[in-house]
Amino acid sequence: MIRATLASISILLALALPAMAADEFIPPPTLRASVTVTSDVVRIGDLIDNAGSAAPIPVYRSPDLGTTGTLTVGQVLSVLRAKQVIGVMTADLKEVQVTRLARTLASKDIQNAVTAALERRFGLGEAANITVTFDRSVAEMRLDASNTGALEPVATRYDARSGRFDIAFEIANDSNSAPTKLRFTGTAIETVEVAVLTRDIDRAELLKSSDVSLERRPKVEVPGEPAARDRSIGMQLRRPMRAGTPLRMADIVKPDYVLRDQAVTIIYQVPGLYLTTRGKAIENGAEGDTVSVLNLHSKRTLTGVVTGRGQVTVQGAAQSAPMAPAVEQTSSIKRDDVPPAAALAQSLIQTPASPAQIAQAQIPQVRLSQAPAKSE
């Protein structure tokens, strides 16, 4: 009998021990030192681990978007006891920090959204060339973290004459079916990068690096193709211009290497022959321009290409006098009978005295004939 009773007690103890062990291993509620929330309220489940069924109960208002607030441990425990949550482990904490997450929109993000909504519309060009000014200062904006969607324009108005815009945006929201709405107004103008004079420049001056800066100006101020700064340096202006004036490609020209009535060097050049003589420019010309010059020795007007400062090159073929009629000959001629190339060059430098001299200055066109070789 005694043995049976002891066996029953052993069985009961064996059944009770697992239940007791389970109760011993239930983790107690533990206060967190740092809390992060996304909504506008702080719940018990945000403040402590193992809150159980009390987790969804709200106890505090959240800090402002993107900010952090501090609660003392005593304040937190007092609120929790009022909600029937006791036995909370604090692990010697003194305070609890609560941070509210937010989505931050920088002013640059908003500006980019506005220019993207106006790009290639209403007569405007690329978004990168649109400058925006808001009616009210648009600093960094903080939105609820649930606003994860993109800034989508839903209504865009723009007046091309005044540059005024009025654009409404919507942002999709994860926690609410209604999107967040934003609206911005201001002015938007298309601008261009252009070289701008830093001082008054005369017509004859060459533009130096310090004479030109790069700025963005309204496109309406720069009709035509704007001049780039690197392409302006070393060039001349077509007319005197004042400091602050934006430059167009039509305003700049290559520098004149030859000036009207300037003494120049005339170069006559053909393969194997290089001659120079003195001359006078009849017109201005930049490098590569075709100008007329007067040969001071022969008083003859020639046309050549400006190849350097005070230098004009005349190509032989372009300046040769009219060729004499070709003469057919059936007999062979000797090499010594052909006038040298120097005679042709001299005809360009000196004025022939008579038609006979002109004929002597040309290389006659001849036809050579050879008797067939005799076979042996």
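For the structure itself, consult the block above.
Please read these numbers as outputs of a predicted model, since none were measured by experiment.

Thresholds applied
- Residues numbered from 1 in each chain as written.
- Predicted model: local features only at pLDDT ≥ 70, side-chain atom pairs only at ≥ 80, totals over all residues.
- Heavy atoms only, no water.
- Phe/Tyr/Trp six-rings, centres within 6.5 Å; stacked < 30°, edge-to-face > 60°.
- Pairing = 2+ DSSP bridges.
- Helix = DSSP H or I, 4+ residues; strand = E, 2+ residues; numbered from the N terminus.
- Core = buried A, V, L, I, M, F, W, Y, C linked by side-chain atoms within 4.5 Å.
- Buried < 20%, exposed > 50% of the residue type's maximum accessible area, 1.4 Å probe, protein only.
- Contact = heavy atoms within 4.5 Å.
- Patch = residues over 30% accessible without salt bridge, like charges linked within 9 Å, V, L, I, M, F, W, Y side chains within 5 Å.
- Areas by Shrake-Rupley, 256 points an atom, 1.4 Å probe, with all protein chains shown as cover.
- Salt bridge = Lys/Arg side-chain N within 4 Å of Asp/Glu carboxyl O.
- Lys, Arg positive; Asp, Glu negative; His and termini not counted.
- Charge placed at Lys NZ, Arg CZ, Asp CG, Glu CD.
- Polar contact = N/O pair within 3.5 Å; in protein donor to acceptor, adjacent residues only side chain to side chain.

### Looking at the packing of aromatic side chains
In this structure the tally under the stated criterion is 4 aromatic pairs. Following the ring pairs from residue to residue traces out a cluster consisting of Phe 134, Phe 165, Phe 169 and Phe 184.

### Here's the deal with the pairing of strand β13 (residues 180-197)
Where strand β9 (residues 130-134) lies against β13, 5 bridges are found, and the strand directions are antiparallel. Pairing of Ile 130 across the sheet is with Glu 190, part of β13. Looking at chain direction, strand β12 (residues 164-171) and β13 are connected through 8 bridges and run antiparallel. Note that in β13 the partner of Glu 170 across the bridge is Lys 181.

### Examining unusual backbone geometry
Of note, the phi angle at Arg 120 is positive, near 55°, even though the residue is not glycine. Among the structural elements, Arg 120 can be located in the loop between α4 (107-118) and β9. You will see that Lys 299, though not glycine, has its phi angle at about 60°, which is positive. Among the secondary structure elements, Lys 299 is positioned in the loop between β21 (290-295) and β22 (300-308).

### Remarks on the nonpolar core
Across soluble globular proteins, nonpolar side chains show a tendency to be buried alongside one another. By size, the foremost hydrophobic cluster in this structure holds 21 residues, and its most contacted members are Val 114, Leu 118, Phe 134, Phe 165, Phe 169 and Phe 184. It is α4 that provides the largest number of residues to this core, a total of 5 residues. Discounting residues that sit within four places of it in the chain, Val 114 has contacts with Val 132, Phe 134, Phe 165, Ile 167 and Phe 169. In this structure, Leu 47, Val 59, Leu 71 and Val 98 belong to the second largest nonpolar core, which totals 18 residues.

### Focus: a positive patch on the surface
On the surface, a cluster of positive charge is contributed by Arg 260, Arg 278, Lys 280 and Lys 299. Mapped onto the elements, Arg 278 comes out in strand β19 (residues 273-281). With relative accessibility at 59%, the residue Arg 278 sits in the exposed group.

### Considerations on the side chain of Asn 295
Structurally, Asn 295 is set in strand β21. A polar side-chain atom of Asn 295 sits 3.3 Å from the main-chain amide nitrogen of Ser 298.

### A word on the environment of Gly 125
Checked against the element boundaries, Gly 125 lands in the loop between α4 and β9. For Gly 125, a relative accessible area of 16% translates into the label buried. Between the C-alpha atom of Gly 125 and that of Thr 115, which follows or precedes it by 10 residues, the distance is 9.9 Å.

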